[in-house]
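Notes for the structure review
Here are the chains, one letter per residue:
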Amino acid sequence: MIPTGKEKKRFVRDKFASVSRRYDFLNGLLSFYIDHYWRWVTTREFDEFKQGPILDLCAGTMPLSAEIVRQIERPVVAVDFCYEMLRHGELQWKNGSKKAKYIVPICGDGECLPLHDLKFQGITIAFGIRNLSRPEQGLREMLRVLKTGGKLAILEFSRPKNRFFSPIYKFYLHKLLPFMAGTISRDKEAYRYLADSIQGFYEPEILAAMMKDVGFREVRHRPLTMGIVTLYTGRN
Ligand SMILES: C[S@@+](CC[C@H](N)C(=O)[O-])C[C@H]1O[C@@H](n2cnc3c(N)ncnc32)[C@H](O)[C@@H]1O
C-alpha cells in the first residue's frame, strides 16, 4: 500500500534516491523510448513563449529540462526534492555545454516552492504530480508562481481504456515491469510503487477538474499513445 502525507514524501524521496543512478536508462528501456516523444510533445506547448525561463517541476534527472533547452532554447529552473536525482542528471552534462548553461537545478519541495509569485511564463511537471503527497497543494503552488497568461503543462501516466489493449498493459505494468526494473535497479519496491501509484491515480477528468477548482483557466487534456499518458494544459 502507498503511504500518505509526510510518510509518502519520505518514501518517494528514498525510492527515487535509490533508483537515481539507473533512472534514465530504465525509463527509456521500459517505455520502449516513447518517453522521448512524450517530452517532445510537452515541450511544444511552450513554443509560443519566445523568452523567459520555464519551470520544470519534479524535474528528477532533468530529461524534460534538457528537451526544453534542445527544442526551444529557454532557460530552465529545475526543481526536485531528491538531491540524488538532480545530481545524477547534472553529472551527465559536459562542462560548458548548453544544458549546463541553461539549466539551474534547485533542491526544493513542489508543495512549498522556494520561488517568487508570478515568476514563470511556462511551468511543466512530467510524471511528478502523481508522486506529490498533496497534488492539489502542488497545483496551488504552480498557479502562484505562474505569470498571468502563462501556461502549465502536466504530463502524467493514465490508464488505457481500449478493451483489448488495457489487459495487456495491466499485465505489463503489474507483472513484467516490476520484475524487469526491479532486477536491474535492485529495488523491486520502487517499481511496485510505480505500478500501484499509476493504478491509484485520478482519472484524467478528475485531475482536470482539480486544475479548474484551483483556478486554472482553459484547462484541456488529451491522451497520448492510447492513453498510457495524458497531457494536461491550463493557464493562469
Ligand atoms: C518519475 S520522476 C520524474 C522525473 C522527470 N520529470 C521525468 O520526466 O522523468 C518524479 C520526480 O518527482 C520528484 N518529487 C516527488 N515529490 C516531490 C515534491 N514534493 N517536491 C519536489 N519533487 C518531488 C521525485 O523526487 C522524482 O524525481
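Heads up: the structure comes first, above all this text.
Here's a quick rundown of the structure. (Residues numbered from 1 in each chain as written. Predicted model: local features only at pLDDT ≥ 70, side-chain atom pairs only at ≥ 80, totals over all residues.)

What about the pairing of strand 1 (residues 54–57)?
- Residues I54 and D56 of strand 1 are buried on one face, and the alternating residues L55 and L57, pointing to the opposite face, are buried as well.
- In this sheet, strand 2 (residues 76–80) lies alongside strand 1 in parallel orientation, the contact comprising four bridges. Each bridged residue has a counterpart across the sheet, and for L57 the counterpart in strand 2 is V79.
- In the classification by handedness, the crossover that spans strand 1, the intervening helix 4 (residues 63–72) and the parallel strand 2 is right-handed. (Buried ≥ 20, exposed ≤ 12 C-beta atoms within 10 Å, placed from the backbone. Helix = DSSP H or I, 4+ residues; strand = E, 2+ residues; numbered from the N terminus. Pairing = 2+ DSSP bridges. Right-handed = clockwise from strand over helix to strand, strands pointing away.)

Quick word on unusual backbone geometry
- Of note in the backbone geometry, E73 takes a positive phi value of approximately 50° without being a glycine.
- Within the fold, E73 resides in the loop between helix 4 and strand 2.
- Phi angles above zero are rare outside glycine, and M226 is one such case at about 60°.

Things to note about the packing of helix 3 (residues 34–44) against helix 4
- Orientation of helix 3 relative to helix 4, taken along the N-to-C sense of each, is 55°, at an axis distance of 9 Å. If you check the angle between helix 3 and helix 4, you find them oblique. Both helix 3 and helix 4 take part in a crossing whose hand is right-handed. Of the residues in helix 4, those in contact with R39, W40, T42 and T43 of helix 3 are P63, L64, E67, I68, Q71 and I72.
- The residue inventory of the contact of helix 3 with helix 4, partitioned by class, reads five nonpolar, three polar and two charged. (Axes fitted to C-alpha atoms, helices over the stretch in contact; angles between N-to-C directions. Parallel < 35°, antiparallel > 145°, perpendicular 65-115°, else oblique. Left-handed = near helix turned anticlockwise from the far one by under 90°. Contact = placed C-beta atoms within 7 Å. Nonpolar A, V, L, I, M, F, W, Y, C, P; charged D, E, K, R; others polar.)

Digging into the nonpolar core
- In terms of nonpolar packing, the biggest core is built from 41 residues, with L55, L57, M142 and L155 touching the most fellow members.
- Counting only elements with at least two residues in this core, the list comes to strand 1, helix 4, strand 2, strand 4 (120–126), helix 7 (135–145), strand 5 (146–157), helix 10 (204–214) and strand 7 (229–235).
- With residues up to four places along the chain from it excluded, the contact list for L55 reads V77, V79, F120, I123 and V145.
- Counting residues in each nonpolar core, the second largest holds 15 residues, with F16, V19, A181 and A190 among its members. (Core = buried A, V, L, I, M, F, W, Y, C linked by C-beta atoms within 7 Å.)

Considering helix 9 (residues 188–200)
- Relative to the 18 Å expected for 13 residues at 1.5 Å per residue, helix 9 spans 18 Å between its end C-alpha atoms, a close match to the ideal helical length.
- When we look at burial in helix 9, the residues that qualify are A190, Y191, Y193, L194 and I198. Across the axial projection of helix 9, the buried residues extend over an arc of 145°, all falling on one side.
- The secondary structure elements touched by the buried residues of helix 9 are helix 1 (5–19), strand 5 and helix 8 (165–185). (Expected span 1.5 Å × (residues − 1). Arc of directions from axis to C-beta.)

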